[in-house]
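What follows is each chain in one-letter form.
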Amino acid sequence: RAKEQGKNKYNVFHSGMNIQSYRSFLLQNDLRKAIDNNEFFLVYQPKVNIHSGQVKSAEALLRWKHPVWGLIPPNEFIPLAEESGLIFEIDQWVFKNVCKQIQTWNNNQVEYIRIAVNLSAKHFVEKNFIQNIIQVIDEFQIETMQLEFEITETALLANEESIKQTLKQIKELGIHISLDDYGTGYSSIIYLRNFPLDSIKIDQSYINDLPNNMNNSVEIVESIINLAKKLNITVIAEGVETVEQLEILNELQCKEVQGYIYSPPISSENLVEYVQNDDSKILTKINDPKPLS
Ligand code: C2E
Ligand code: MG
Ligand code: MG
Ligand code: MG
């Protein structure tokens, strides 16, 4: 039904539309052709261990190169895709291409690295969700351990029991589960207890606030880290840009970070190079590292 609503909404052009909704209207229509026209591509952003420089995981991020408008940011087109129901096709494209990339790396004996795929909350109410995943994994003959899903809290809000079952199945398959943008939704501690999460990613808005301890971000981040540690959940800080932020995170015992300070999202080729060359990353960004604990 949401699909139909989306269609109706966007197949009709109103003369009263403002520029922004007119752009959305055009993009929404073009989005339907983007897969067939080969306008999507993937970039990867490493998650780096502060102490070892090691990269065990990288996040796949979708890019859309529109033939006329150029690069459209996902924050603009993903909501349009969710509204129209196209998100299923798009995330399926992403998932397949990530699996294909992993297969290529495996065939070329490239060092093992787990790739995280962002999944819209919409998937978790789809009946064939798990079956589709298994089918694609079989098709590309990769290990489930090589995969990770990033989901946001909104995914956990809907129909709790069935979501829990779905996450359990994902976990049983051996795929890692990350809770993305932690702290922006309801951020209930209950999520951490009720769902089989391997890691949580602290939203970049908190990381931004760290240096001046705006909005008590230091205390909040510290308590998230401590709680997660007790529950045996890995914490990753998102959007780390400055040495100052990195130093505070290091003091708070957050060991895994992602952000421009280490690397922006990069091509698959550059990712391989980055992963293989971790000497250049070890401790270079922090002056006074805490010993490994
Ligand atoms: P996200 O999953 O929370 O991804 C993090 C976003 O922060 C990415 O933006 C990344 O490029 C950006 N980022 C990383 N490090 C830094 C930093 O140090 N500073 C700043 N300012 N930003 C940083 P991007 O690639 O534009 O993606 C935005 C959002 O779009 C993602 O947020 C995710 O929710 C969604 N998205 C991206 N690809 C996909 C996809 O394949 N499927 C779905 N469903 N959503 C996607
Ligand atoms: Mg993400
Ligand atoms: Mg995020
Ligand atoms: Mg985000």
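Residues numbered from 1 in each chain as written. Chains lettered and ligands numbered in written order. Predicted model: local features only at pLDDT ≥ 70, side-chain atom pairs only at ≥ 80, totals over all residues. Heavy atoms only, no water.

Focus on the overall build of the protein chain
In step 1: Tallying secondary structure elements over the protein chain gives twelve helices and nine strands in all.
In step 2: Per-residue burial over the protein chain gives 49% buried out of 293 residues.
In step 3: Considering only residue pairs separated by 6 or more positions, the protein chain has 69% of its internal contacts joining residues 24 or more positions apart.
In step 4: Counting every atom, the protein chain has about 15000 Å² of accessible surface; 48% of that belongs to carbon and sulfur. (Helix = DSSP H or I, 4+ residues; strand = E, 2+ residues; numbered from the N terminus. Buried < 20%, exposed > 50% of the residue type's maximum accessible area, 1.4 Å probe, protein only. Contact = heavy atoms within 4.5 Å. Areas by Shrake-Rupley, 256 points an atom, 1.4 Å probe, with all protein chains shown as cover.)

Examining the coordination of the magnesium ion (ligand 3)
In step 1: Binding of the magnesium ion (ligand 3) to the protein goes through D180 (OD), D181 (OD), E238 (OE) and E238 (OE), at separations of 2.0 to 2.5 Å.
In step 2: In terms of primary sequence, the donors binding the magnesium ion (ligand 3) are separated according to D-D-x56-E. (Donors = N, O, S within 2.8 Å, 3.2 Å for Na, K, Ca; no water.)

Re the coordination of the magnesium ion (ligand 2)
When a metal holds four donors in a tetrahedron, each ideal angle between them is 109.5 degrees; when it holds six in an octahedron, the ideal angles are 90 or 180 degrees.
In step 1: Surrounding the magnesium ion (ligand 2) are the protein donor atoms E59 (OE), N118 (OD1), E150 (OE) and D180 (OD), which sit 2.0 to 2.2 Å from the metal.
In step 2: Counting residues between consecutive donors of the magnesium ion (ligand 2) along the chain gives the motif E-x58-N-x31-E-x29-D.
In step 3: Distance-wise, the magnesium ion (ligand 3) is placed 4.1 Å from the magnesium ion (ligand 2), both being coordinated by D180. Of this pair, N118 sits in strand 4 (residues 114–118) while E150 sits in strand 5 (residues 147–152), placing them 32 residues apart in sequence.

Thoughts on the packing of helix 4 (residues 87–107) against helix 5 (residues 129–140)
In step 1: Running from N to C, helix 4 and helix 5 point in directions that differ by 30 degrees, and their axes come no closer than 9 Å. In terms of orientation, helix 4 and helix 5 fall into the roughly parallel class. The chirality of how helix 4 crosses helix 5 is right-handed. Residues Q92, F95, K96, C99, K100 and Q103 of helix 4 form the contact with helix 5, whose participating residues are N132, I133, V136, I137, E139 and F140.
In step 2: Looking at the contact of helix 4 with helix 5 residue by residue, the classes come out as six nonpolar, three polar and three charged. (Axes fitted to C-alpha atoms, helices over the stretch in contact; angles between N-to-C directions. Parallel < 35°, antiparallel > 145°, perpendicular 65-115°, else oblique. Left-handed = near helix turned anticlockwise from the far one by under 90°. Nonpolar A, V, L, I, M, F, W, Y, C, P; charged D, E, K, R; others polar.)

Quick word on the site of ligand 1
In step 1: Ligand 1 sits among 23 residues. The nearest are R63, D91, D180, E241 and Y260.
In step 2: One of the side-chain nitrogen or oxygen atoms of E59 is found 3.0 Å away from an oxygen atom of ligand 1.
In step 3: Interatomic distance of 3.0 Å between a side-chain N/O atom of D181 and an oxygen atom of ligand 1.
In step 4: In isolation ligand 1 offers 800 Å² of accessible surface; the protein chains occlude 84% of this area. (Near = heavy atom within 4 Å. Polar contact = N/O pair within 3.5 Å; in protein donor to acceptor, adjacent residues only side chain to side chain.)

Considerations on helix 5
In step 1: With twelve residues, helix 5 should reach 16 Å at 1.5 Å per residue; the first-to-last C-alpha distance of 17 Å fits that figure.
In step 2: Of the surrounding secondary structure, the elements contacted by the buried residues of helix 5 are helix 4, strand 5 and helix 7 (160–173).
In step 3: Downstream of helix 5 by a residue or two, Q141 has a phi angle that is positive, lying close to 55 degrees. (Expected span 1.5 Å × (residues − 1).)

Describing helix 7
In step 1: Its 14 residues place the ends of helix 7 20 Å apart at the C-alpha level, agreeing with the 20 Å of an ideal helix rising 1.5 Å per residue.
In step 2: Along helix 7, the residues classified as buried are I163, T166, L167 and I170. Mapping the buried residues of helix 7 onto a view down its axis gives an arc of 95 degrees, with all of them on the same face.
In step 3: Looking at the buried positions of helix 7, the neighbouring elements they touch are helix 5, strand 5, helix 6 (153–157) and strand 6 (176–182).
In step 4: Looking one or two residues past helix 7, G174 carries a phi angle of roughly 100 degrees, positive in sign. (Arc of directions from axis to C-beta.)

Thoughts on the confidence of the model for the protein chain
In step 1: When pLDDT is averaged along the protein chain, the result is 89, and 90% of the positions lie at 70 or above.
In step 2: In the predicted structure, residues 1–10 sits below a pLDDT of 50 and forms 13 contacts with residues beyond four places in sequence or in another chain.
In step 3: In this model, residues 288–293 is a region of pLDDT below 50 whose contacts with residues beyond four sequence positions or in other chains number ten contacts.
In step 4: Among the scores for the predicted complex, ipTM is 0.98 and pTM is 0.92. (pLDDT = per-residue confidence, 0-100.)

Quick look at the environment of F95
In step 1: Residue placement: F95 occurs in helix 4.
In step 2: Residues F95 and L210, 115 residues apart in the sequence, show an inter-C-alpha distance of 34 Å.

A look at the layout of surface pockets
In step 1: Looking at the largest pocket, its volume works out to about 1000 Å³.
In step 2: The wall of the largest pocket is formed by 33 residues, among which E59, L61, P74, N75 and N118 lie closest to the centre.
In step 3: Put simply, the parts of the chain that give the lining of the largest pocket at least two residues each are strand 2 (55–66), helix 3 (74–84), helix 4, strand 5 and strand 6.
In step 4: Roughly 260 Å³ of volume is contained in the second largest pocket.
In step 5: Every residue along the wall of the second largest pocket is listed here: N49, K56, I225, K229, N232, I233, T234, V235, Q253, C254, K255 and E256.
In step 6: Partitioned by chemical class, the residues of the lining of the second largest pocket number four nonpolar, four polar and four charged. (1 Å grid on protein atoms, 1.4 Å probe; cavity = no way out; pocket = protein on both sides within 12 Å on 5 of 7 lines; lining within 4 Å. Points joined across faces, edges and corners; volume = space filled by probe spheres on them.)

Comments concerning the pattern of salt bridges
In step 1: Taken as a whole and assessed by the stated rule, the structure comprises ten salt bridges.
In step 2: Its salt-bridge partner being K47, residue E148 comes within 2.7 Å of it at the nearest N-O pair. Here E148 is found in strand 5, whereas its partner K47 is found in strand 1 (residues 40–49), with 101 residues between them in sequence.
In step 3: By relative accessible area, E148 is classed as buried at 1%.
In step 4: The partner of E139 in a salt bridge is K96, and the shortest N-O contact between them spans 4.0 Å. With a gap of 43 residues between them, E139 in helix 5 and K96 in helix 4 connect regions that are remote in the sequence.
In step 5: The class of E139 is partly exposed, set by a relative accessible area of 44%.
In step 6: Given the relative accessible area of 32%, K96 is considered partly exposed. (Salt bridge = Lys/Arg side-chain N within 4 Å of Asp/Glu carboxyl O.)

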